[in-house]
Amino acid sequence: MTHASSVKRKISITILPSLDDLLALYSSNSGESKSSLIEKALSEFIKEKLDKDSRALSKLNFDDLPSEDDWIMLQSEIA
């Protein structure tokens with residue numbers, strides 16, 4: 001963990017009481033704070049989302065882009 005990511009920011013969230021009860025139970029059983037559990041869950045969610053998005057982006061085809069030869073010709077016309 002880098003120094004920049006070790007600086008924490010306090011936020012406030014509103015969740016269903018049943019979720020808070022489960023979070024408190026997991027916190028008590030694991031010995032981790034509720035904040036730590038939420039941070040880990042959010043971090044995992046974001047990693048999965050980025051992975052899913054990058055896989056989707058890698059499947060895109062850009063048929064409308066010029067070929068490398070076309071780029072060379074365009075650059076020579078501009079120069």
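Residues numbered from 1 in each chain as written. Predicted model: local features only at pLDDT ≥ 70, side-chain atom pairs only at ≥ 80, totals over all residues. Heavy atoms only, no water.

(A) Quick peek at the pattern of salt bridges. Inspection of every chain in the model, using the stated rule, returns 5 salt bridges. With a closest N to O distance of 2.7 Å, glutamate 39 and lysine 8 form a salt bridge. Of the two residues, glutamate 39 sits in helix α3 (residues 34-58) while lysine 8 sits in the loop between α1 (3-6) and α2 (17-30), which places them 31 residues apart along the sequence. Owing to a relative accessible area of 41%, glutamate 39 belongs among the partly exposed residues under this scheme. (Salt bridge = Lys/Arg side-chain N within 4 Å of Asp/Glu carboxyl O. Helix = DSSP H or I, 4+ residues; strand = E, 2+ residues; numbered from the N terminus. Buried < 20%, exposed > 50% of the residue type's maximum accessible area, 1.4 Å probe, protein only.)

(B) The arrangement of the side chain of serine 27 in detail. For serine 27, the position within the fold is in helix α2. A polar atom in the side chain of serine 27 sits 2.5 Å from the backbone oxygen of glutamate 32. (Polar contact = N/O pair within 3.5 Å; in protein donor to acceptor, adjacent residues only side chain to side chain.)

(C) Here's a closer look at the confidence of the model for the protein chain. In this model, the protein chain carries a mean pLDDT of 90, and residues with pLDDT of at least 70 account for 94%. Within the protein chain, α1 has the poorest average pLDDT of any element, 63, and α2 the best, 97. (pLDDT = per-residue confidence, 0-100.)

(D) Geometry of the packing of α2 against α3. In the contact formed by α2 and α3, the axes pass within 9 Å of each other and the chain directions differ by 105°. In terms of orientation, α2 lies roughly perpendicular with respect to α3. Contacts from Asp20, Leu23, Ala24, Tyr26, Ser27 and Ser30 in α2 reach Lys34, Leu37 and Ile38 in α3. The residue makeup of the contact of α2 with α3, split by class, is 5 nonpolar, 2 polar and 2 charged. (Axes fitted to C-alpha atoms, helices over the stretch in contact; angles between N-to-C directions. Parallel < 35°, antiparallel > 145°, perpendicular 65-115°, else oblique. Contact = heavy atoms within 4.5 Å. Nonpolar A, V, L, I, M, F, W, Y, C, P; charged D, E, K, R; others polar.)

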